[in-house]
Amino acid sequence: MKIIVGIKRVIDYTVKIRIKADASGVETNNVKMSINPFDEIAVEEAIRLKEKHPEAEVIVVSIGPTSVQETIRHALALGADRGIHVDTPAAPLPLTVAKVLKAVVDNETPHILLLGKQAIDDDCNQVAQMASALLNWPQATFVSHISLEGQTCRAIREVDGGLETLSFPLPAVISTDLRLNTPRYATLPNIMKSKQKPLQVLTLSDLGIEESPHFKVLKVSEPPARKAGAKITVEELVPYIKKVQAEG
Ligand code: AMP
């Protein structure tokens, strides 16, 4: 059993995002970066599957500049076996990420490609679906429970108004939702051990991929500031709502 987990390095969820002065993107200099929270859940689930199936190997893949190696080391400290860093000047768009993951999957032939449901920086929610299409593998997205019976997976998906249970053959693409598990903390001995675990560095050309962005970001801007609220009495409420509605 082999599991590949895609992990993205993103601005930590506790950081207040600042827009760059030239509106070309968000400021990442001197900003705390972390593993995308849904990807940490994916790593945790892969490690739990490995605990149940000790022959399993967990490989984490991150695409981006050299700094993503820190995120890979974090996943290795949590319990992944080895890492692959695909070196690009910046994190690419979802279609390129999906193509890279397909190329890595073709080389490694895993049983599961485990991803987060979305990266919290660009909120795309596209890579799992695209990778599943490129690989022609079944997909289960927004998953809150996984169980394996031989080469068959049962997954529970969080859908609007309920839970959907799916059964599908492996290999497959699975994307994690928030309630799948609570990730563990890395212990100091495991952080030390992670430094010795293998980390392979590849380029897009090693994988035969050319980055061809299909759109250009023109501008990133702050959302409009919210107007201050008004304090009113109960008697004033209905006329106030009517007035606000009339103003559109
Ligand atoms: P997205 O479709 O961009 O919201 O991302 C969905 C998932 O794809 C993430 O939670 C990661 O598991 C994976 N992913 C996205 N970008 C990268 C990247 N640069 N490197 C590795 N995995 C990624």
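Everything numeric here is computed off the predicted structure, so don't read it as measured data.

## Re the site of the ligand
Consideration 1: Taken together, 17 residues lie near the ligand, and Gly 6, Asp 39, Ala 119, Asn 125 and Gln 126 sit nearest.
Consideration 2: In the environment of the ligand, an oxygen atom lies 2.8 Å from a nitrogen or oxygen atom belonging to the backbone of Gly 6.
Consideration 3: The side chain of Asp 39 places a nitrogen or oxygen atom 2.5 Å from an oxygen atom of the ligand.
Consideration 4: Comparing atom positions with the cavity grids shows the ligand to sit within the largest cavity.
Consideration 5: At the level of elements, strand S4 (57–64) and strand S6 (112–116) are the ones that each hand at least two residues to the shell around the ligand.
Consideration 6: Per-element tally for the shell around the ligand: the top contributor is S4, with three residues.
Consideration 7: The class makeup of the residues in the shell around the ligand is eight nonpolar, seven polar and two charged.

## Examining the layout of surface pockets
Consideration 1: As a volume, the largest pocket reaches approximately 1,200 Å³.
Consideration 2: Taken together, 35 residues form the lining of the largest pocket, with Val 26, Ala 90, Ala 91, Asp 121 and Asp 122 sitting closest to its centre.
Consideration 3: Every element with two or more residues in the lining of the largest pocket is listed here: strand S2 (9–11) and S4.
Consideration 4: The element best represented in the lining of the largest pocket is S2, accounting for three residues.
Consideration 5: For the lining of the largest pocket, the residue count by class is 20 nonpolar, seven polar and eight charged.
Consideration 6: The computed volume of the second largest pocket comes to approximately 520 Å³.
Consideration 7: Contributing to the lining of the second largest pocket are 24 residues, with Asp 12, Ser 34, Ile 35, Glu 40 and His 74 lying nearest its centre.
Consideration 8: Residue assignment for the lining of the second largest pocket shows that the elements contributing at least two residues are S2, strand S3 (33–35), helix H1 (37–52) and helix H2 (68–78).

Calculation notes
- Residues numbered from 1 in each chain as written.
- Predicted model: local features only at pLDDT ≥ 70, side-chain atom pairs only at ≥ 80, totals over all residues.
- Heavy atoms only, no water.
- Near = heavy atom within 4 Å.
- Polar contact = N/O pair within 3.5 Å; in protein donor to acceptor, adjacent residues only side chain to side chain.
- 1 Å grid on protein atoms, 1.4 Å probe; cavity = no way out; pocket = protein on both sides within 12 Å on 5 of 7 lines; lining within 4 Å.
- Sits in = over half its atoms within 2 Å of the grid points.
- Helix = DSSP H or I, 4+ residues; strand = E, 2+ residues; numbered from the N terminus.
- Nonpolar A, V, L, I, M, F, W, Y, C, P; charged D, E, K, R; others polar.
- Points joined across faces, edges and corners; volume = space filled by probe spheres on them.

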